[in-house]
Amino acid sequence: MTTRKLPFDYKWVVAVIFVLGLFMEIMDTTIVNVAIPTLQRTFNATGAGIEWVVIGYLLSIAVWIPSSGWIGDRIGTKRTFLFALLMFTTSSMLCGQAHSIGELIAFRILQGVGGGMLTPVGTAMLYRAFPPEERARASTVLVIPTVIAPALGPIIGGLLIDHLSWRWIFYVNVPMGIFGLIFGALFLRESKEPTAGRFDISGFVLAATGLAGMLYALSQGPEKGWGSGEVLVTGLIGIALTIAMVTVELRVDQPMLTLRLYRDRMFRNSNMINTLSYASFAAFLFLLPQFLQSLLGYSALQSGLTTFPQAVGVILASQFVGKLYHTVGPRRLVAAGLLGVSLSNIPFMFVTLGVSQMTIRELMFLRGLSMAFAFVPLQAATYANIAKQDTGRASAIFSTQRQASAAIGVAILATLFHSRLIHLANDASPTPEITLQAFHFAFAGSIVISLLGAVFAALFIRDIDAKPTMHPRPKKNAVPATSAH
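To keep things clear, this report deals only with the structure shown in the data block. Predicted model, so just to flag it, every value in this text is computed and none were measured.

### Considerations on a nonpolar patch on the surface
And then number 1: Residues Leu339, Leu343, Ile346, Phe350, Leu451, Val455, Leu459 and Phe460 make up a contiguous nonpolar surface patch of about 720 Å² in total accessible area.
And then number 2: For the nonpolar patch, the secondary-structure elements that each account for two or more residues are α14 (330–345) and α17 (432–460).
And then number 3: Among the elements that make up the nonpolar patch, the one with the highest residue count is α17 (four residues).
And then number 4: The class for Phe460 is partly exposed, based on a relative accessible area of 35%.

### Let's talk about helix α5 (residues 101–129)
And then number 1: With 29 residues, α5 extends 42 Å from end C-alpha to end C-alpha; this agrees with the ideal 42 Å at 1.5 Å per step.
And then number 2: Taking burial as the measure, the 29 residues of α5 include 22 buried ones, the bulk of the element.

### A few points about the packing of helix α4 (residues 77–96) against helix α8 (residues 173–187)
A pair of packed helices is characterised by two quantities: the angle between their axes and the separation of those axes.
And then number 1: Remark: α4 packs on α8, axes separated minimally by 9 Å, with the N-to-C direction vectors making an angle of 160 degrees. Viewed along their axes, α4 and α8 adopt a mutual orientation that is roughly antiparallel. The hand of the α4/α8 crossing is left-handed. Seen from α4, the contacting residues are Lys78, Leu82, Leu85, Leu86, Phe88, Thr89, Ser92 and Met93; seen from α8, they are Asn173, Val174, Gly177, Ile178, Gly180, Leu181, Gly184 and Ala185.
And then number 2: Considered class by class, the residues forming the contact of α4 with α8 number nine nonpolar, six polar and one charged.

### Quick notes on the environment of Phe365
And then number 1: Summarising the element assignment, Phe365 is placed in helix α15 (residues 357–382).
And then number 2: Remark: the alpha-carbon pair of Phe365 and Pro132, spanning 233 residues in sequence, is separated by 30 Å.
And then number 3: Beyond its immediate stretch of four places on either side in the chain, Phe365 contacts Pro309, Gln310, Val312, Gly313 and Leu316.

### Re the packing of aromatic side chains
And then number 1: Across all of its chains, the model carries 20 aromatic pairs by this definition.
And then number 2: Ring geometry for Phe348 and Phe443: centres 5.5 Å apart, planes at 45 degrees, overall tilted. In this pair, Phe348 is assigned in the loop between α14 and α15 and Phe443 in helix α17, connecting sequence segments 95 residues apart.
And then number 3: With a centroid separation of 4.5 Å and an interplanar angle of 40 degrees, the aromatic rings of Phe417 and Phe439 are classed as tilted. Here the residue Phe417 occupies a position in helix α16 (residues 391–425), and Phe439 occupies one in helix α17, the gap between them amounting to 22 residues. An identical accessibility class is assigned to Phe417 and Phe439; each is buried.
And then number 4: The ring of Tyr57 has Arg108 lying over it, and the distance from NZ or CZ to the ring centre is 4.3 Å.

### Digging into the nonpolar core
Considering soluble globular proteins, one finds that nonpolar side chains tend to be buried as a cluster.
And then number 1: Counting 113 residues, the largest nonpolar core has Leu39, Val53, Leu104, Leu126, Val147, Ile169 and Tyr325 as its most contacted members.
And then number 2: With 20 residues, the single largest contributor to this core is helix α1 (residues 10–43).

### Some words on the pattern of salt bridges
And then number 1: Across all of its chains, the model carries four salt bridges by this definition.
And then number 2: A salt bridge links Arg265 to Asp465, with the shortest nitrogen-to-oxygen separation between them at 2.7 Å. Here Asp465 lies in the segment after α17 and Arg265 lies in helix α11 (residues 265–295), a separation of 200 residues in the sequence.
And then number 3: The exposure class assigned to Arg265 is partly exposed, which follows from its relative accessible area of 37%.
And then number 4: Classification of Asp465 as buried rests on a relative accessible area of 12%.

### Focus on the environment of Lys78
And then number 1: Mapped onto the elements, Lys78 comes out in helix α4.
And then number 2: Lys78 gets classed as buried once you look at its relative accessible area, which sits at 11%.

### Focus: the packing of α1 against helix α3 (residues 52–75)
And then number 1: At a minimum axis separation of 10 Å, α1 and α3 run at an interaxial angle of 155 degrees. One way to sum up the angle between α1 and α3 is to call them roughly antiparallel. Packed against α1, whose contacting residues are Glu25, Thr29, Val32, Asn33, Ile36 and Leu39, the element α3 presents Val53, Val54, Tyr57 and Ile61 at the interface.
And then number 2: Of the residues assigned to the contact of α1 with α3, the class counts are seven nonpolar, two polar and one charged.

### Some thoughts on the environment of Thr42
And then number 1: Residue placement: Thr42 occurs in helix α1.
And then number 2: On the basis of relative accessible area, Thr42 is assigned to the partly exposed category, the value being 42%.
And then number 3: Residues Thr42 and Ile101, 59 residues apart in the sequence, show an inter-C-alpha distance of 9.2 Å.

Conventions used here
Residues numbered from 1 in each chain as written. Predicted model: local features only at pLDDT ≥ 70, side-chain atom pairs only at ≥ 80, totals over all residues. Heavy atoms only, no water. Patch = residues over 30% accessible without salt bridge, like charges linked within 9 Å, V, L, I, M, F, W, Y side chains within 5 Å. Areas by Shrake-Rupley, 256 points an atom, 1.4 Å probe, with all protein chains shown as cover. Salt bridge = Lys/Arg side-chain N within 4 Å of Asp/Glu carboxyl O. Helix = DSSP H or I, 4+ residues; strand = E, 2+ residues; numbered from the N terminus. Buried < 20%, exposed > 50% of the residue type's maximum accessible area, 1.4 Å probe, protein only. Expected span 1.5 Å × (residues − 1). Axes fitted to C-alpha atoms, helices over the stretch in contact; angles between N-to-C directions. Parallel < 35°, antiparallel > 145°, perpendicular 65-115°, else oblique. Left-handed = near helix turned anticlockwise from the far one by under 90°. Contact = heavy atoms within 4.5 Å. Nonpolar A, V, L, I, M, F, W, Y, C, P; charged D, E, K, R; others polar. Phe/Tyr/Trp six-rings, centres within 6.5 Å; stacked < 30°, edge-to-face > 60°. Lys NZ or Arg CZ within 6 Å of the ring centre and 35° of its normal. Core = buried A, V, L, I, M, F, W, Y, C linked by side-chain atoms within 4.5 Å.

Worth remembering: the numbers are spatial, not functional.
Now the structure itself:
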């Protein structure tokens, strides 16, 4: 199909299709989490059975994220993205018509095939469409689905479950997916990289199984115990396979994951700090709804509305941060942002059972303002020195690391919560006051994670490394400077 022309720049075509795809993928995760109790009652499933609705999708994503960069480079980013979107949309429809827990798990695994490729391939398209000096603007686009989707998920999920049916938590993806497929088929341009090379089967197998093993162990460790045989075996196998993957990939001419990109100081340090910042972000979003729903008695809808101001804060501040980036630079912005996140988390260590919704909303808004100062500069600077032909592989590494960092953050806070709860309860049924203390302890953990990120940003980020992305955009109708003779 011939690509149509639009009255605006092509980069905004990519921005629209990327936001749509990423929004669907992230929102779907939070909606499904809200619906787990309903799905368990509907299918009369055990806890072990229903958890595979989440785990199956998580492991499927882990298989496909590492290979997504190579697939996009070799087959073409347009074809790959549209295939991923088609898989995600079709499997969402199949999930909605599932008649058994086995069917639902199978279709969720299929959904993970599309979900695993949407973000890395979409990110590569976005950064190839926006020149380096406009990466800060591209980062403000990236922030939109990253923060709004998790905030809207519980709200939309609660409304659909209460007023329609659990099936609509999956059907809601279908109209968005159809629009994205039509829009992308008409207006996206194909892009391939001749340097893609042959398929690295050893890298694919080692990366997929290693990441899947570690993510499974991280997801099960807090509840089943880090000393359980299941967690230990899968975790150790995952770590061993990951070490083997690193060894193999550093020796392959055309690796699945181009780990040599870590030689670039900006890419390496930004990914390290982004691991801490995203771990803090994802873990806090995991912990707070549990605090609001299980302890304070909020509904899923009330919980979503209470946490939503965080997304508003990020969106408002990101527009301002995108303009500051060119003059202030990433180092001070990221350090200040993560310090602000840490400070805005401190009051959560002292909230009481009678805390008002408005207080939590105000704190979440402040968190959002601070997070924009970290997220936008990190995303803009990470790819500052990455060549165009390496963007696909770099986005695969970035997405793999982000998925792992979210799992690590959630595992840390969940472990802190459960261990503190068991210690304080002392084999008795925990009272609300004891449970509140356990939440305070876990909230303290989130402060430590974000504070470490602030320290690392101040120590390791160098603005000079992000120079290609810091050139201000030329003003319209500007008169070129003449050379002096």
